[in-house]
Amino acid sequence: MTSAASTAGTPAPAPGKLEFKDDYTPEEAERVIRNSKGLPVGVKPKMVWTWPKALLWAAISIVCAIGWAILAVSRGEQISAIWFVVVAICSYAIAYRFYAYYIQIKIMRTDDANATPAERVHDGANFERTDRRVLFGQHFAGISGAGPLVGPILAAQMGYLPSVLWIILGVIFAGAVQDMLMLWISARRRGRSFGQMAADEMGKFGGMVLSIFLVVMTAIAMAFLALVAIKAMAASPWAVFSIGMTIPIALIMGCYQRFLRPGRVIETTILGFVLLVLDIVAGGWIADSPVLAPIFTLSAKELVIALVIYSFCAAALPHWLLVTPRDYLSTLMKIGTLVLLVIGIIIANPSVKVPGLTELASTSTGPTFSGNLFPFLFITIACGALSGFHGAVSSGLTPKALEKENQIRMIGYGSMLVESFTAVIALIAAITISQGVYFSTNMSAAQISAASGMTITSTSAADEQAEAAVKAVNSMKVSDIEGNQMKVTWESEGSNGDTKTYEGVEALKQAASDIGEKSIVSRTGGATTFAMGMASFLKSYLGGHNSMAFWYHFAIMFEALFILTTVDNGTRVARYQIGEMLANVRKLKKFGDPTWRPGNIITTLIATALWGTMLYMGVSDANGGINAMVPIFGISNQLLAAACFMLVTVCVVKMGRAKYAWIPVIPLVWDVAVTFTADFQKIFDSKIGYFAAAKTWQAKIDSGELTGEALTNAKASLSNAYLDGVLSVFFLIMMATFLICGVVVIVKTLKAGRFGAETTSEDPFVESEWFAPTSLIATSLEKKVAREYAAKSYELAHESKAAA
Amino acid sequence: MPRRLAAALTRAWRGVVWYMREISGEARYDHYLERFASEHPGERPLSEKEFLRAREAYDKEHPNTSCCC
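On a predicted model such as this, the values are computed, not experimentally measured, just so you know. (Residues numbered from 1 in each chain as written. Chains lettered and ligands numbered in written order. Predicted model: local features only at pLDDT ≥ 70, side-chain atom pairs only at ≥ 80, totals over all residues.)

1. Brief notes about the overall build of chain A
Heads up, the rule is: Secondary structure elements are defined from DSSP: runs of H or I of at least 4 residues count as helices, runs of E of at least 2 residues count as strands, and each element is numbered from the N terminus. Every radius of gyration here is taken over C-alpha atoms, with the globule rule written as 2.2 Å times N^0.38, N being the number of residues. Three exposure classes are used. Buried residues have 20 or more other C-beta atoms within 10 Å of their own C-beta, exposed residues have 12 or fewer, and partly exposed residues fall in between, all C-beta atoms being placed from the backbone. We call two residues in contact whenever the C-beta atoms placed from their backbones are within 7 Å.
What chain A contains, in helices and strands, is 30 helices and 4 strands. Taking 2.2 N^0.38 as the reference for a compact globule, 804 residues should give roughly 28 Å; the C-alpha atoms of chain A span a radius of gyration of 27 Å, in line with that estimate. Principal-axis analysis of the C-alpha atoms gives chain A an extent of 90 × 65 × 55 Å. Here chain A, with 804 residues, has 54% of them falling under the buried criterion. Counting contacts in chain A only where the partners sit at least 6 residues apart, residues at least 24 apart contribute 80% of the total.

2. Overview of the overall build of chain B
Counting its secondary structure elements, chain B contains 3 helices and 0 strands. For chain B, the N- to C-terminal ordering of α and β elements is α-α-α. Of all 69 residues assigned to chain B, the portion counted as buried reaches 14%.

3. Quick look at the interface of chain B and chain A
Put simply, the rule is: We call Asp, Glu, Lys and Arg charged. Ala, Val, Leu, Ile, Met, Phe, Trp, Tyr, Cys and Pro are nonpolar, and the rest, Gly among them, are polar.
Counting residues at the interface gives 33 residues for chain B and 43 residues for chain A. Contributions of two or more residues to the side of chain B that touches chain A are made by helix H1 (2-24), helix H2 (28-39) and helix H3 (48-61) of chain B. A total of 9 residues in the side of chain B that touches chain A trace back to one element, the largest contributor, which is H1 of chain B. The residue inventory of the side of chain B that touches chain A, partitioned by class, reads 12 nonpolar, 9 polar and 12 charged.

4. Re the UniProt feature "domain: CstA N-terminal" (unreviewed entry) in chain A
All names here are of chain A. Defined as follows: UniProt positions are given in the numbering used here, feature names are shortened, and annotations may be inferred rather than shown by experiment.
Residues given the UniProt feature "domain: CstA N-terminal" (unreviewed entry) here are residues 80-460 and 505-678. Its end C-alpha atoms 37 Å apart, residues 80-460 is made of 72% helix and 0% strand. Secondary structure across residues 505-678 comprises 74% helix and 0% strand; the distance between its end C-alpha atoms is 37 Å.

5. A word on the nonpolar core
All names here are of chain A. Heads up, the rule is: When buried Ala, Val, Leu, Ile, Met, Phe, Trp, Tyr and Cys residues are joined through C-beta atoms within 7 Å, the set is termed a nonpolar core.
Within the largest apolar cluster, 229 residues are counted, with the highest numbers of intra-cluster contacts made by Ala226 and Leu427. Top element by residues in this core is helix H8 (residues 194-233). It accounts for 24 residues. The contact partners of leucine 427, leaving out residues within four places of it in the chain, are Pro152, Ala156, Tyr160, Ser163, Val164 and Ile167.

6. Some words on the environment of lysine 801 of chain A
All names here are of chain A. Examined against the element boundaries, lysine 801 turns out to sit in helix H30 (residues 780-803). A count of 8 C-beta atoms within 10 Å places lysine 801 in the exposed class. It is 70 Å that separates the C-alpha atoms of lysine 801 and glutamine 157, two residues lying 644 residues apart in sequence.

7. Examining the domain arrangement of chain A
All names here are of chain A. Threshold: Domain start and end points were adopted from an automatic or database domain assignment.
One can read the domain layout of chain A as domain 1 (4-45 + 774-803), domain 2 (55-220 + 351-432 + 624-757), domain 3 (233-350 + 552-611) and domain 4 (435-550). Distance between the C-alpha centres of domain 2 and domain 3: 25 Å. Counting residues at the interface gives 20 residues for domain 2, matched by 21 residues for domain 3. Residue assignment for the side of domain 2 that touches domain 3 shows that the elements contributing at least two residues are helix H3 (82-108), helix H5 (132-143), H8 and helix H18 (408-431). Its residues assigned to classes, the side of domain 2 that touches domain 3 comprises 11 nonpolar, 9 polar and no charged.

8. Re helix H24 (residues 548-583) of chain A
For clarity, the threshold we go by: The span one expects for a helix is its residue count, reduced by one, times 1.5 Å.
Across its 36 residues, H24 of chain A extends 52 Å between first and last C-alpha, which sits within 8% of the 52 Å expected from 1.5 Å per residue. Across the 36 residues of H24 of chain A, 32 count as buried, placing the element largely inside the fold.

9. As for the confidence of the model for chain B
All names here are of chain B. Under the convention used in this document: Confidence of the predictor at the level of single residues is given by pLDDT, which spans 0 to 100.
Taken residue by residue, chain B gives an average pLDDT of 86. The fraction at 70 or more is 90%. When pLDDT is averaged over each helix and strand of chain B, the minimum, 85, is found for H3 and the maximum, 93, for H1. Across the interfaces of the predicted complex, the ipTM metric reaches 0.93, alongside a pTM of 0.93.

10. Here we look at the pairing of strand S4 (residues 499-503) of chain A
All names here are of chain A. Rules: A pair of strands is considered paired only if DSSP assigns at least 2 bridges between the two.
Relative to S4, strand S3 (residues 489-493) runs antiparallel, the two sharing 5 bridges. Bridging from a neighbouring strand, threonine 489 pairs with glutamate 503 of S4. Between the end of S3 and the start of S4, which pair antiparallel, lie 5 residues, with glycine 497 showing a positive phi angle near 95 degrees.

11. A closer look at the packing of helix H10 (residues 246-260) of chain A against helix H14 (residues 323-348) of chain A
All names here are of chain A. As a reminder of what qualifies: An axis is simply a line fitted to the C-alpha atoms; with a helix, the fit covers only the stretch in contact. Between two such axes, the angle follows the N-to-C directions and lies from 0 to 180 degrees. Oblique is the label for every angle not falling under 35 degrees (roughly parallel), over 145 degrees (roughly antiparallel), or within 65 to 115 degrees (roughly perpendicular).
Relative to each other, H10 and H14 sit at 105 degrees, their axes nearing to 8 Å. When the axis of H10 is compared with that of H14, the two are roughly perpendicular. In contact with Thr246, Ala250, Met253 and Gly254 of H10, H14 contributes Thr324, Pro325 and Arg326.

12. Here we look at unusual backbone geometry
All names here are of chain A. Put simply, phenylalanine 374 and proline 375 share a cis peptide bond, and its omega is 5 degrees. As for its placement among the helices and strands, proline 375 is situated in helix H15 (residues 373-381). The phi angle at asparagine 349 is positive, at roughly 45 degrees, despite the residue not being glycine. Within the secondary structure layout, asparagine 349 lies in the loop between H14 and H15. Phi is positive for serine 522, close to 60 degrees, though the residue is something other than glycine. Mapped onto the elements, serine 522 comes out in the loop between helix H22 (504-514) and helix H23 (527-539). Overall, serine 522 belongs to the buried group, with 26 C-beta atoms counted inside 10 Å.

13. Looking at H15 of chain A
In an α-helix there are 3.6 residues to a turn, and that puts residues three or four apart on one side. Residues and elements named next belong to chain A. Most of H15 sits out of view: 7 of its 9 residues are buried. For H15, the complete set of buried residues consists of Pro375, Phe376, Leu377, Phe378, Ile379, Thr380 and Ile381. Two residues or fewer after H15 comes alanine 382, characterised by a positive phi angle close to 45 degrees.

14. Structural notes on the confidence of the model for chain A
Looking at chain A as a whole, the pLDDT averages 90, with 98% of positions reaching at least 70. Predicted confidence is poor over residues 1-13 of chain A, with pLDDT under 50, and the contacts of this stretch with residues over four places away or in other chains come to 28 contacts.

15. Structural notes on the environment of glycine 336 of chain A
All names here are of chain A. Structurally, the position occupied by glycine 336 is in helix H14. The class of glycine 336 is exposed, set by 12 C-beta atoms lying within 10 Å. On a C-alpha basis, the gap between glycine 336 and valine 473 in space is 36 Å, while along the polypeptide they are 137 residues apart.

16. Considerations on the packing of H3 of chain A against helix H7 (residues 160-187) of chain A
A pair of packed helices is characterised by two quantities: the angle between their axes and the separation of those axes. All names here are of chain A. Going by this rule: Each crossing gets its hand from how the near helix is turned against the far one by less than a right angle, where anticlockwise is left-handed and clockwise is right-handed.
Put simply, H3 and H7 touch, their axes get as near as 10 Å, and they point 35 degrees apart. The element H3 and its partner H7 pack so that their crossing is right-handed. Contacts from Phe84, Ala88, Ser91, Ala95, Tyr99, Ala100, Ile103 and Met108 of H3 reach H7 at Val164, Ile168, Ile172, Ala176, Val177, Met180 and Trp184. Tallied by class, residues from the contact of H3 with H7 come to 14 nonpolar, 1 polar and no charged.

17. Concerning the pairing of strand S2 (residues 40-43) of chain A
Successive side chains on a regular strand alternate, one facing one side of the sheet and the next facing the other. Residues and elements named next belong to chain A. In the sheet, strand S1 (residues 32-34) pairs with S2 via 3 bridges, with the strands oriented antiparallel. Directly across from arginine 34, in S2, lies its bridge partner proline 40. Counting the residues that bridge the hairpin from S1 to S2 gives 5 residues, and of these glycine 38 lies at a positive phi of roughly 85 degrees.

If you want it as structure tokens, here you go:
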């Protein structure tokens, strides 16, 4: 009986190889859990306090409090961005150690004597035990994406304080709690999916509502993320070339692995990464070439068409050829880049340029997102603090690979903390560049035209764009961290190698030339801002100033890889979901068969048409599309989170733990307040509502003043506003129905007064025969238990052989 | 002292390689072999290529629903 644990990096003993000395202290012996055969299968969770530990936690708390105080009260002077890292890590540590532990003890009551789905089913496919450290990495790669890199950038217009508060407190009390509890309920139900669990616990109707909701949401998320990527790629030959080349790179990797070296994943990944770096360098040559550059300079609309055709074809290709190799690359980039960035921030030690609260925090007319701080800041940040999609991931593959129940806290809560940390990094990127540059980049051409009085479009000359952007920035009454009117400045290297600060139009020109682009004006969507920040962190210790253009495009590649993976996977997932939904109709039963080709083509067409249309309408929008898409994406995502909390609350109440139901109910109530307020305003408000916007566009079109491109764009904005408005109404009705379903189930349960696992769909207790440590690093007690487990299981195997 | 350092470095390197192989899925076939040997002693397991093809066919019918952000 060999296991993952015996091949692990730590010296976990192979059966029978290591002697077990019964060296437990009496307290330790009490905590060891044994099954009926006397096999030690786990350790009861317990907080053991020693003096050094107590002092360490006291020190962490003090540092944490000092950090928060500095972020909260600093006025009129620059602060170091490292404080954000310190505050985040200390807060996460405290929350993980105490709050997550409290939830584990009071609600989850994880029990290592109970077998996990991997042990129960153990079919060698998805139900396969996975070492906890590996599963942590896989789960993180599964939940993380481009979402947390976008939201905090857009939210930074209001200042850093509300964003940092929500990212950190939100993840502690909502996001990570949701991920962990969803993982928990799914692990107790053989890794059943979110939709299935909703149907089991809240009735078929609830399950159906959720399935429809999920399909629409997947399409919206894909359209939004693709829009972000396209905004960064439009009119940038470097980005278009290097990202386009990832397709042949993936094909080369796929063929290499299939035909030359089957199963050699690491080799393939290294090969792909080397090609990727060469590809980014080559992008620079393309951008410099007067012949090739125009070929790869594509407008946003052309890119949409290319992307939609690509994704339709890609969905027909076998997995190993395109999707799998790209997954390797994006997993490597996800984990590797995060580490590089943290080191970069510490070495570069950038200072914060944005105040805690800007003047825009008290208005509803900021350029990056419109609406008041409550609720739209929370809607905009979305994934970095709380993401409903994670409910789908936490109930997918991860629970099927879990070795022990006690690992749920580390994997569910811990991974989400890391995800939130990426959001903090994105926030740092947005607040350490000059506010003038930030607004120049993140305002749409229409907004810049309105604020500056000059008319520019995305095709205007770079100089003209820069001039208008500077005028627009100067006309906005927003202060920097020192309390002065914000300015457009850019720090760069002068001709003799010393630091030089450029101002105004010069600053925008220098910034564009430093990152290898023609213009940085009006590159909305957040990707450009994030990439500029990332490039300045990484150049500080990898390659110096001249490498900035490379790192900028490396960062764009980093986001684009995430997004392309999402688009590929999303199309496939949506295809299956649509197939399953169609199969419910009697005459269309054939669609349920995933190997039926015509059905596949039709469902793929529906899926691509869904998100492709939304994306096309987004890019043709007169305001650039991001502004209209952010709320609809955020609202749908946060509504799904509400559905997760509702389901978890139902499970908690059914288990008879209503006393602790406040743990999921508080974030549920908060989330419902945020999403429903936002949705209501988007439907009914006369300033920021979609229908109000539609009316304005209709009036403009009817007036007959618009001609040519302006008229087409206005028409796109009109249909966009109607579509988003209809979607808002749809979401509101769907989610309200789902929540009512949940409340009815809770009230019924409380009235009936029957509680316990048997009233739920939870699997009955099955005795475990596996042992594995709980946290990333095994404790000394767990090492002792591992020795006993090895000795004992060897003994038992011997006995059963002898008996046979 | 240098010998101990070398031993520590070797251990760290092995840990890194182990982690990369596990997280990338490269070690999956090894785990299959281990399990097959203990459950069907004496029988012939699938070759690595056959195993990978079987795995692919399985994944095709069980799409991964994880996505996004």
